[in-house]
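Listed below, chain by chain, are the residues.
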Amino acid sequence: SSACRKVFADRLYFMGRFELDPGHAEHRSPTSVVLRATDWFPDRQTPSSSNSLVVLKFMKEQVQFEREIKQRVDFKLDPEFVIPVVGSSHDFEQAEWTADLQE
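As a starting point, this report considers the structure included with it. If you're wondering where the values come from, they're calculated on a predicted model, not measured in any experiment.

## Let's talk about the overall build of the protein
- Looking only at helices and strands, the protein features three helices and four strands.
- Listed N to C, the secondary structure of the protein is α-β-β-β-β-α-α in terms of helices and strands.
- Taken over the C-alpha trace, the protein has a radius of gyration of 14 Å; the compact-globule value for 103 residues is 13 Å, and the two agree within 12%.
- The 103 residues of the protein split such that 26% are buried.
- Counting contacts in the protein only where the partners sit at least 6 residues apart, residues at least 24 apart contribute 40% of the total.
- Surface summary for the protein: the accessible area is close to 7,800 Å², and the carbon and sulfur share equals 55%.
- Seen as two clouds, the 13 positive and the 17 negative side-chain charges of the protein have centres 2 Å apart.

Shown next, in the form of structure tokens:
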């Protein structure tokens, strides 16, 4: 059932959705790390999608995250050339996000 699937997902995946690829980071810098993942609930992406292969970018500083999101909007970056943002930490409860990062 979908309720049973959610219980397992909450326990197994980052934020109850993302199965992190056990391989190396796609990108690492002093301020961020990018990891491949499978989104087991891609319909929750914004906009909703059927694409379950995603990358997660974790940024050290909130101001850098906000700057990157603003630049993507201001410069209208083409999703054909730049991976689009289909969700962010703002889509989750802050306490839950912080707790999952600790694990």
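After that view of the structure, there is still more to cover.
## Examining the pattern of salt bridges
- Scanning all chains against the criterion turns up five salt bridges.
- When the shortest N-O distance is used, the salt bridge between arginine 72 and glutamate 68 registers 3.3 Å. Pair noted here: arginine 72 and glutamate 68 are both in helix α2 (residues 62-74), with a separation of four residues, about one helical turn.
- Take arginine 72: its relative accessible area is 24%, and that puts it in the partly exposed class.
- Salt-bridge contacts for aspartate 74 lead to lysine 70; the nearest nitrogen and oxygen are separated by 2.4 Å. A residue pair is termed a helical-turn pair when its members lie 3 or 4 positions apart in one helix, as aspartate 74 and lysine 70 do in helix α2 at four residues.
- One continuous salt-bridge network, built from bridges that share partners, spans Lys57, Glu68 and Arg72.

Reading guide: rules and limits
Residues numbered from 1 in each chain as written. Predicted model: local features only at pLDDT ≥ 70, side-chain atom pairs only at ≥ 80, totals over all residues. Heavy atoms only, no water. Helix = DSSP H or I, 4+ residues; strand = E, 2+ residues; numbered from the N terminus. Rg over C-alpha atoms; globule rule 2.2 N^0.38 Å. Buried < 20%, exposed > 50% of the residue type's maximum accessible area, 1.4 Å probe, protein only. Contact = heavy atoms within 4.5 Å. Areas by Shrake-Rupley, 256 points an atom, 1.4 Å probe, with all protein chains shown as cover. Lys, Arg positive; Asp, Glu negative; His and termini not counted. Charge placed at Lys NZ, Arg CZ, Asp CG, Glu CD. Salt bridge = Lys/Arg side-chain N within 4 Å of Asp/Glu carboxyl O.

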